[in-house]
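So you can see what is in the structure, the chains are spelled out below.
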There are 4 protein chains.
Amino acid sequence: MTEFDLIIRHGTVATASDTFRSDVGITAGKVVALGASLGSAKETIDASGKLVLPGGIDAHCHLDQPRAQGLASGGAIMADDFESGSLSAVFGGTTTIVPFAVQHRGQSLRAAVEDYHRRAGGKAYIDYGFHLIVSDPTQSVLKDELPSLIAEGHASVKVYMTYEAMKLSDRQILDVLDVNQRAGALTMIHAENYECIAWLTEKLEAEGKTEPRYHEDSRPMAVEREATHRAITLSEVAEANLLIVHVSGRDAMEEIRRARARGVKIFAETCPQYLFLSTRDLALPDFLGAKCMCSPPPRDPANQAHVWQGIEDGLFDIFSSDHAPYRFDEGGKLMYGPKVSFSKVANGIPGLETRSALLFSEGVMTGRLDLNRFVALNSTNAAKLYGLHPQKGTIAVGADADIAIWDPQRKVTISNDMLHHNVDYTPYEGRTLTGWPVTVLSRGQVICHEGELLGKPGQGKFLKRFRAKKGGTAWT
Amino acid sequence: MTEFDLIIRHGTVATASDTFRSDVGITAGKVVALGASLGSAKETIDASGKLVLPGGIDAHCHLDQPRAQGLASGGAIMADDFESGSLSAVFGGTTTIVPFAVQHRGQSLRAAVEDYHRRAGGKAYIDYGFHLIVSDPTQSVLKDELPSLIAEGHASVKVYMTYEAMKLSDRQILDVLDVNQRAGALTMIHAENYECIAWLTEKLEAEGKTEPRYHEDSRPMAVEREATHRAITLSEVAEANLLIVHVSGRDAMEEIRRARARGVKIFAETCPQYLFLSTRDLALPDFLGAKCMCSPPPRDPANQAHVWQGIEDGLFDIFSSDHAPYRFDEGGKLMYGPKVSFSKVANGIPGLETRSALLFSEGVMTGRLDLNRFVALNSTNAAKLYGLHPQKGTIAVGADADIAIWDPQRKVTISNDMLHHNVDYTPYEGRTLTGWPVTVLSRGQVICHEGELLGKPGQGKFLKRFRAKKGGTAWT
Amino acid sequence: MTEFDLIIRHGTVATASDTFRSDVGITAGKVVALGASLGSAKETIDASGKLVLPGGIDAHCHLDQPRAQGLASGGAIMADDFESGSLSAVFGGTTTIVPFAVQHRGQSLRAAVEDYHRRAGGKAYIDYGFHLIVSDPTQSVLKDELPSLIAEGHASVKVYMTYEAMKLSDRQILDVLDVNQRAGALTMIHAENYECIAWLTEKLEAEGKTEPRYHEDSRPMAVEREATHRAITLSEVAEANLLIVHVSGRDAMEEIRRARARGVKIFAETCPQYLFLSTRDLALPDFLGAKCMCSPPPRDPANQAHVWQGIEDGLFDIFSSDHAPYRFDEGGKLMYGPKVSFSKVANGIPGLETRSALLFSEGVMTGRLDLNRFVALNSTNAAKLYGLHPQKGTIAVGADADIAIWDPQRKVTISNDMLHHNVDYTPYEGRTLTGWPVTVLSRGQVICHEGELLGKPGQGKFLKRFRAKKGGTAWT
Amino acid sequence: MTEFDLIIRHGTVATASDTFRSDVGITAGKVVALGASLGSAKETIDASGKLVLPGGIDAHCHLDQPRAQGLASGGAIMADDFESGSLSAVFGGTTTIVPFAVQHRGQSLRAAVEDYHRRAGGKAYIDYGFHLIVSDPTQSVLKDELPSLIAEGHASVKVYMTYEAMKLSDRQILDVLDVNQRAGALTMIHAENYECIAWLTEKLEAEGKTEPRYHEDSRPMAVEREATHRAITLSEVAEANLLIVHVSGRDAMEEIRRARARGVKIFAETCPQYLFLSTRDLALPDFLGAKCMCSPPPRDPANQAHVWQGIEDGLFDIFSSDHAPYRFDEGGKLMYGPKVSFSKVANGIPGLETRSALLFSEGVMTGRLDLNRFVALNSTNAAKLYGLHPQKGTIAVGADADIAIWDPQRKVTISNDMLHHNVDYTPYEGRTLTGWPVTVLSRGQVICHEGELLGKPGQGKFLKRFRAKKGGTAWT
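Treat the numbers as computed from the prediction; the structure is a model and nothing was measured.

S.K.: Now, about the interface of chain A and chain B: what can you tell me, with residues and values included?
M.R.: Taken residue by residue, the interface counts 46 residues in chain A and 46 residues in chain B. Counting across the chain A and chain B interface gives two salt bridges. The partner of K265 of chain B in a salt bridge is E312 of chain A, with the nearest N and O atoms 3.5 Å apart. Where chain A touches chain B, the interface holds twelve residue pairs in polar contact (both at pLDDT 80 or more). Going through the elements one at a time, β3 (19-21), β5 (30-35), α8 (250-261), α11 (301-313), α12 (355-364) and α13 (371-385) of chain A are the ones with two or more residues in the side of chain A that touches chain B. Taken together, the residues of the side of chain A that touches chain B break down into 19 nonpolar, 19 polar and eight charged. Pairing geometry for β5 of chain A and strand β5 (residues 30-35) of chain B, over three bridges, is antiparallel.

Here is the structure:
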């Protein structure tokens, strides 16, 4: 037996199913052996007392998107590009990211993807793919660009039911669902009813209710519930799978449960902000609530409890950051001014670096979540749903050696100073967590260890992603 | 690196999470290495083109239970003891069984366990544990026997809501739930409302409705729904986890969904008979319907579809046979005579040997179920819930080498002649399946290969089972 | 005590609450006394053995609507104007109708109402009001016309979620709901998702599925469920009451139940076609299914049973005909040709004359419905919801003497020959009913007796309708 | 036309359906005419500015029940007999009461009824019937006594799922349901799970949690939900109608909604204590919480809101007091001592006199409830469900002239001093209401006017009650 490039020794390895003591043998960037006591290697990492987990996959993050009117962002500048964004990911134990290649109206989808390749090229520290965002499903997009881009390795497509510049009509969504399903892509959907939001916003503003806390009143749970139910119905009509992103609370969750109970294959994502932030944060004084504004908004504590429930019981498949990096300044959140109406504040919060540790500390270390379910939410399920498995998302023979070694006892107090994104705040400032990824490997190479950066921009490669054929038998 | 005892080479390994090409290195009965190309071994099995799966765990089967009045069985004789039962299991790809040690009223629970150890001793081909059945929760059982037996490795306890000789009152169930939860055992429950069944049976018989097809009328879905809801409520009141065994259809499933949606930790099992048999089988002429009589009864095709739905969507955690081996003769099913009322027919059907292949053929090979979900249902989840994991239920470093090597293309037509149980029929006679376990290993030893028996009675050992502590972190 | 104009003697009177033997004393067109044995009168009707019921109110019927493109009707000609329509109503025991004054896009709402007054003037045999249909909610409609027309006695406004020429966007619906609620009108909504229907229609037609039976596939229950849920959400957002018209089956009913359970005031209507017709009728050979085409379509028998359930248990408040009088000829149903695609067939069926007797025969005479619930559905509830009570909809002191005297034992076999509409068929041809209204009074005058017409066109008056103020105490 | 005995002039009359200005003509104790201006009468009451409503029917009240062990009451003495109880009813505007004739174990049901006739005889100021309570359904009760007593005019039978001395097994409940349905009686059920309550009580007491506020913890909503679901299932199995008494909150209501949605005819009652009292009252200091102890207990404010919702939306058919008159002294509530455990406090609160005015003031006068729905809840529905209609429960020709004339503007501040029961407290002390019944008539005779008693004990007569035959047509 030949020498391994690297052995991670003496750690406790966990997958989405199992937890076991094992060395991990790595050669040519891949896991090639697991064993109680593997042979020799050029390099060795001692993981005694540590957890050896698949690197995180953050499959919902926004990086370096071009400015545009009519978005949540109102045209604000994204503070993170692929370099700072992926750097921040690395330090949070994330080894794969899937940001979005956004088609703007009138633009060719392929042009949007090409633009995005240029933005990512040479910058990323870790591997990445692109979800496609379709905002203009012309005949050429539906018949030509979309099928061919999916065939080239973009196994997921996002559509919006809100935002002036992004939203599709129900019929357009049906068309996209149908094309995706036949071409092998999973459709992701932002489910909020645009017209209700616009109507409520106008009403609230007319009543002088413009502080950040009214953000939640302008897009209440009922409005998300409506869009969720409608999106599910569209997936039933088109007979196509659907993933609801950033589900924020009980009523939307109930729609998903009902759909599954009648046999509809709906997947669901939630985000840290629905576990760790609430309407109380939106109501912080001095406009500070704006720092926690995202859409859907954080809900009340009762809804937080429901989201935890869904994290525990399997309702949610995916746990993502929805990282939307706007600085709290006049180029970002406050581009329309310092104390404008909530409707003029750029929507979104940063979270790439804190996502995994928040869930680990409050989920695994409290006993709410077992370690395998954590791995599934943090990594494996995203790999499976978005066509990255078994290359990514697990520690198994043949998989890429994308690994985060966690010290489960490490205490870390979050401060923006320690984070590596380009945003000037974190909504989790001052929170003390237990457990942190101390060593991170991308394809077998240590890219970060105990706070030291060892990787380089441009190491990350574009990932072609293909979903398993429906009804197929996965191993053939 | 030392030589392995055995290497299974070139197969496709699957766990509840992952599927990958890997050799499996086995030493001293355990999996010690997984790798693309492991070194040398004393023995080698070539698994090219085959699936290397964790051996099945059948956690709901009845073997060699003493005869008793007032049961489903009406005192019929069980045709299978630990020898024939475990033999049948082996040939179906099952490597662990967990039958029941039944306390009869007036009996000490410990005495029941000891009796069961005697019955199992020297007979089993594969490892086994006992679920305890409590039918008489005296103070001594609750305060002494139950906690100490759980502490000795019986991490699961079953109670009945029906059968004259078995049923507990709600208050007794609360007591058992409470003791189990504090002592670390999972409570399993047979949920049907005894008094409704008795009332309906009397009414049907008074109307001359005594053929086997009236079995379903005597215990309709509403009666199972009622008991399921009540059992769940008892688990809420006692703040104790609960597993509902042999769920047969939609209404009971809905109670489980509702409970989970409000945060109650309920686990659920179903069985092949609710996927593959229906009321149509109960209505077979010439009293042949009696061959398919079990409780709860097979339901109508709409309910079958719902059970499939729950198999696919994660509602069900466990898939067991509920093997209850009564021959279709005067010592078994027909002990009260050849054409008696349905209420006098011994309840139960055989299924240890056909369980896994039925699900594989109709689930995996049709594309309904992915292979990992099959592994979870067939093996891993039972190991986790019943305190056998990570020793059993997976192929991972450190686990027992209990492995079934499946030929996914093998066509097998079920006939009772080919089966190894002692029952004189199978309800699945004539059904052709695709996929079969062709080689089976128990702790690293091949016990069956291509229809040839290579193991011996008595090789199987008793398994002490302990559940992970609630709220604990499993790897510590 | 002065002499009455008329006494109906010896009948059994029923209201939505009570059934009692009483004479009914009528003077100046109003009920002025009820009593076991009233005094003398100029005229007397002997109602021995008969039921003296409030005349029916058909609050959903289309008469003499101008032709328009983009409608269900595809521009077909309505066969009934106010004269033939109200005549048909009279012979079916209906004494008040509320058809629609339809605003077409670009038209002033007031102009539409004025046009409708012209169409009705001098023609109706019975009293009538107009629901307003808003298809173009301009600022002038919302701020001026709608509030003033409501203030002038149009207490109900209908909007559509489907039909190219009629459908409003969600935001427009919110605006109309809001104006209506503040001005005192009830909003009615046709709830089907236009875009799903268009998408499915195109798909079905592309597959060559064009026969009438595909009408139901083009607008399946899920599409109605979606729109119903969305409409309810809009009413929650706008904090305005809503009535869902022509609910066709289970899934939409479930949305209504859920809404009520969370405290939303939703009212619901169904129609005879959802009790008495089904997809089997749509599948009649020789294009005859087109005679039963309406939207939403009749559903399968399981849904029929659910609609009956809602009739019995109070889910439905209103029972209307949705009379849409298209002849089965080239000017009506078949205006695009004899065997065109289902999407080219004018949608709608006649039913003004048969509505009450169908419900009486199949509901009251079978024991499913008590007589008081029949009165509520047939008359009283519509009066209450649409601002006609206590003038219409009951037999009480002070109410208009709009009365139908029913012979509960009269056998009538429906044939189109006996009906008084201008349509050339009835979907209920050949059905034998028990119970029929044999004498009908409008404001104290007998307008029809034993098949003989005694009234005259133009007797009917326009009714100003005002709803009780929300939160008010009705008797003050 | 002959002179009336009495005319109530110029009032506003309301029934469960209608509200109208009318005189009410009364002769021989019955309403014989309604009219805008009736003729002459021996006596006249001027009801200008007042509401003329059917007298209240309190169909759930306990009077003069013999002491018994094992009850909620623990053998406490009932402070009210038929004289004081019916007197209290009169002053609250109630003109019919239906208390309970309780069979104790071992007792003949007929003997219980005869005993109850003796207790009522010569005492009641108003008409009364008896619900039968079956606690010992022997064969003789089921086959003989129950059918014959129902045939003699006891159209309702209550059973208990809790209380040691009262509770029936599921099978006994099935038997009683079956007999009742066939004999024409409605079954009423107290739905709480006895064994859960006993288990929780023991646990709470072992933990020293004995104050009145733990009463609610000993019988939480889940325990009521369970019994409600089970009771409904029993009614489905027996195919018999069922009325759930004193429903206290959301979860039980949801079971009722679900049952109705699947077509099961379930009726439901709630009581003032679930609208006006809450767990906060149970937590009053100095053991005062015991004054508000009843079963099921008052719930939290969220549940109060749900009960209001059910009052408004039609979920509840009946609104009763569940008057259980125990004094707050050593013969009543505190018979086991002054500060005993909650489990030793007699369960029940007084409410006959305050029931109607509480609902009127907080329901009708706030605009939550329309006047007709108030009449239905206060009177008509009970008459219909319990076989008293049309004799009682309405103001219609032929009905008994049981009438309460309300001054809707009268302000009354509740104090126990003003009440006429024999209990020494009211839980509503100090509450100011708007609206009060100022004049009350029983069969045409004024028995109370402006606080003055004009009736006499013994005027009230026993009412034979018969339910309409299922499936029958009520007017024949």
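Back to the text.
S.K.: Residue-level account of the environment of Y336 of chain C, with values.
M.R.: Residues and elements named next belong to chain C. Tracing the backbone shows Y336 in the loop between β17 (318-319) and α12 (355-364). Taking relative accessible area as the criterion, Y336 reaches 41% and is therefore assigned partly exposed. Along the backbone, Y336 and A76 are 260 residues apart, and their C-alpha atoms lie at a distance of 9.1 Å.

S.K.: Which residues make up the relation of the copies chain D and chain C, and what are the values?
M.R.: Its rotation angle being 180°, the transformation that places chain D on chain C also includes 0.0 Å of axial translation and leaves an RMSD of 0.0 Å. A rotation of that kind, with that shift, is consistent with a two-fold axis. Of the residues that chain D buries at the interface, 100% are likewise interface residues in chain C, meaning the two copies contact each other through the same surface.

S.K.: Summarise the interface of chain D and chain C; cite the residues concerned and give the values.
M.R.: Between chain D and chain C, the residue contacts involve 46 residues of the former and 46 residues of the latter. Here chain D is connected to chain C by two salt bridges. Counting only elements with at least two residues in the side of chain D that touches chain C, the list comes to β3 (19-21), β5 (30-35), α8 (250-261), α11 (301-313), α12 (355-364) and α13 (371-385) of chain D. By residue class, the composition of the side of chain D that touches chain C is 19 nonpolar, 19 polar and eight charged.

S.K.: An account of the relation of the copies chain A and chain B is requested, with residue identities and associated values reported.
M.R.: The operation linking the two copies of the chain is a rotation about an axis combined with a translation along the axis. In screw terms, the move from chain A to chain B is a rotation of 180° and a rise of 0.0 Å along the axis, fitting with an RMSD of 0.0 Å. Of all interface residues in chain A, 100% are interface residues in chain B too; the two copies therefore contact each other through one and the same surface.

S.K.: How would you sum up unusual backbone geometry? Please name residues and give values.
M.R.: The omega angle of the peptide bond from S295 of chain C to P296 of chain C is -10°, so this bond is cis rather than trans. Here P296 of chain C shows up in the loop between α10 (279-282) and α11 (301-313). Here D64 of chain A, not a glycine, exhibits a phi torsion of approximately 50°, which is positive. Checked against the element boundaries, D64 of chain A lands in the loop between β8 (56-58) and α1 (82-91). With phi around 40°, R443 of chain A is a residue other than glycine that occupies positive phi space. Mapped onto the elements, R443 of chain A comes out in the loop between β19 (432-442) and β20 (445-449).

S.K.: I'd like to hear about the sheet that holds strand β9 (residues 94-97) of chain C, residue by residue, with values.
M.R.: The pairing of strands in a sheet comes from backbone hydrogen bonds and takes either a parallel or an antiparallel form. Taking strand neighbours across the sheet as the criterion, the three strands line up as β8-β9-β11 (chain C) in an open arrangement whose pairing is parallel. Edge positions in the open sheet fall to β8 (56-58) and β11 (127-128) of chain C, since each of these has one partner strand only.

S.K.: Describe the domain arrangement of chain A, with residues and values.
M.R.: Residues and elements named next belong to chain A. Examined at the domain level, chain A breaks down into domain 1 (4-54 + 392-413 + 425-453) and domain 2 (56-364). A straight line from the C-alpha centre of domain 1 to that of domain 2 covers 29 Å. The partner domain 2 presents 32 residues to the 28 residues of domain 1 that form the contact. Interface area, domain 1 with domain 2, both sides summed: about 2,400 Å², of which 69% is carbon and sulfur. A salt bridge links K392 to D127, with the nearest nitrogen and oxygen atoms 2.7 Å apart. At the boundary of domain 1 and domain 2, one finds five residue pairs in polar contact (both at pLDDT 80 or more).

S.K.: Which residues make up the state of the cysteines, and what are the values?
M.R.: Applying the stated criterion across every chain, the model contains zero disulfides over all chains. Of all cysteine sulfurs, the one in C294 of chain A lies closest to C271 of chain A, which takes part in no disulfide; the gap is 7.7 Å. A relative accessible area of 0% places C271 of chain A in the buried class. Between C196 of chain B, a cysteine without a disulfide, and C196 of chain D, which holds the nearest cysteine sulfur, the sulfur-to-sulfur distance is 17 Å. Since its relative accessible area comes to 0%, C196 of chain B is described here as buried.

Calculation notes
Residues numbered from 1 in each chain as written. Chains lettered and ligands numbered in written order. Predicted model: local features only at pLDDT ≥ 70, side-chain atom pairs only at ≥ 80, totals over all residues. Heavy atoms only, no water. Contact = heavy atoms within 4.5 Å. Salt bridge = Lys/Arg side-chain N within 4 Å of Asp/Glu carboxyl O. Polar contact = N/O pair within 3.5 Å; in protein donor to acceptor, adjacent residues only side chain to side chain. Helix = DSSP H or I, 4+ residues; strand = E, 2+ residues; numbered from the N terminus. Nonpolar A, V, L, I, M, F, W, Y, C, P; charged D, E, K, R; others polar. Pairing = 2+ DSSP bridges. Buried < 20%, exposed > 50% of the residue type's maximum accessible area, 1.4 Å probe, protein only. Least-squares fit on C-alpha atoms with pLDDT ≥ 70 in both. Domains from an automatic or database assignment. Buried area = accessible area lost by both parts, 1.4 Å probe. Disulfide = S-S within 2.5 Å.

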